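Observations on the three-dimensional arrangement
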Amino acid sequence: MGAVEIIFGIVLLLFALAIIVVVLLQEGHQQSLGAITGGADTFLSKNKARSMDAFLARWTKFIAIGFFVLVLVINVIMYFTK
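Residues numbered from 1 in each chain as written. Predicted model: local features only at pLDDT ≥ 70, side-chain atom pairs only at ≥ 80, totals over all residues. Heavy atoms only, no water.

A few points about the confidence of the model for the protein chain
Low-pLDDT stretches of the model should not have their predicted coordinates read in fine detail. A residue-level look at the protein chain finds 72% of positions with pLDDT of 70 or above and a mean pLDDT of 82. For the protein chain, the element scoring lowest by mean pLDDT is helix α2 (residues 33–37), at 52; helix α1 (residues 3–25) scores highest, at 93. (pLDDT = per-residue confidence, 0-100. Helix = DSSP H or I, 4+ residues; strand = E, 2+ residues; numbered from the N terminus.)

See below:
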């Protein structure tokens, strides 16, 4: 294994971990659960959740696209170096 392969492997692992973390931080979209458990949302908490969920959803898309592009680049490099 060369240094380039190790670096790409580490970056790919970081992208994978970032996707996992960002997805796990997002809230579910189940509306009726809060009413059943008694956790009524206030107006301010709803807006805060929406803005945070929108932020996390946006970053999920960016990280996923970066992950996809990185996998393609790694495969092209591996194909042409053999």
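And the narrative resumes.
A short note on the packing of aromatic side chains
Under the criterion given, the structure shown has three aromatic pairs. Both rings, one in W59 and one in F62, keep their centres 5.8 Å apart while their planes meet at 80 degrees; by these two values the pair is edge-to-face. Separated by three residues within a single helix, W59 and F62 lie in helix α3 (residues 43–81), roughly one turn from each other. Both rings, one in Y79 and one in F80, keep their centres 5.2 Å apart while their planes meet at 75 degrees; by these two values the pair is edge-to-face. Taking relative accessible area as the criterion, F80 reaches 63% and is therefore assigned exposed. (Phe/Tyr/Trp six-rings, centres within 6.5 Å; stacked < 30°, edge-to-face > 60°. Buried < 20%, exposed > 50% of the residue type's maximum accessible area, 1.4 Å probe, protein only.)

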